[in-house]
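Spelled out from the first residue to the last, the chains are:
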Amino acid sequence: MTPFSTRVLSLVRRIPAGRVATYGDIARLAGHPGAARAVGNVMRNSKWPDVPCHRVIAAGGRLGGYGGRAVLKRALLLAEGVVVSGMRVRELTRVHWTPKTTNK
DNA sequence: GAAATGACAGAGT
DNA sequence: GACTCTGCCATTT
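The rules behind these values
- Residues numbered from 1 in each chain as written.
- Chains lettered and ligands numbered in written order.
- Predicted model: local features only at pLDDT ≥ 70, side-chain atom pairs only at ≥ 80, totals over all residues.
- Heavy atoms only, no water.
- Helix = DSSP H or I, 4+ residues; strand = E, 2+ residues; numbered from the N terminus.
- Buried < 20%, exposed > 50% of the residue type's maximum accessible area, 1.4 Å probe, protein only.
- Arc of directions from axis to C-beta.
- Contact = heavy atoms within 4.5 Å.

(A) How the structure looks around the environment of M43. With respect to the helices and strands, the residue M43 is situated in helix 3 (residues 36-45). On the basis of relative accessibility, which here comes to 8%, the residue M43 falls in the buried class. Considering only alpha carbons, one finds M43 and V56, 13 residues apart in sequence, at a separation of 9.1 Å.

Put into structure tokens, the structure is as follows:
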């Protein structure tokens, strides 16, 4: 476990239902801009059930990265009300979560 | 301690 | 507008 992972996990945990955050965003919020890849890496090893990793997507609304995993994420996001088309989030601007748009 | 891997991001074609 | 290539950071081996 590393402080970075804890930070990322905490941020992801703050993501409410129906909202999604990008890896780059999480990385930036974690204090490591550009470490988007590292964020995904942490998620991969993270088995925390409290962390809605399916709400974390790639930039541009792409579900991102890993084969079947992305499909599962798509289904979960759809169930939360997120408009997902194929492999990408449509209303990303609407569902894009930020520490300031927690509820407003 | 160094090299390779990996759920990404951005620019170019 | 979509796909491909390179670059970055942190973690793991």
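(B) Quick peek at helix 3. Within helix 3, the full set of buried residues consists of V39, V42 and M43. The buried side chains of helix 3 occupy one side of the element, clustering within an arc of 100° when seen end-on. Exposed residues pointing more than 90 degrees away from the buried face of helix 3 are listed as R37 and R44. Buried residues belonging to helix 3 abut helix 1 (3-13), helix 2 (23-29) and strand 2 (56-57).

(C) Layout of helix 1. Restricting attention to buried positions, one finds in helix 1 the residues F4, S5, V8, L9, L11 and V12. Buried positions in helix 1, seen along its axis, are confined to an arc of 160° and lie on one side of it. Away from the buried face of helix 1 by more than 90 degrees, exposed residues P3 and R7 are located. As for helix 1, its buried residues are in contact with helix 2, helix 3 and strand 2.

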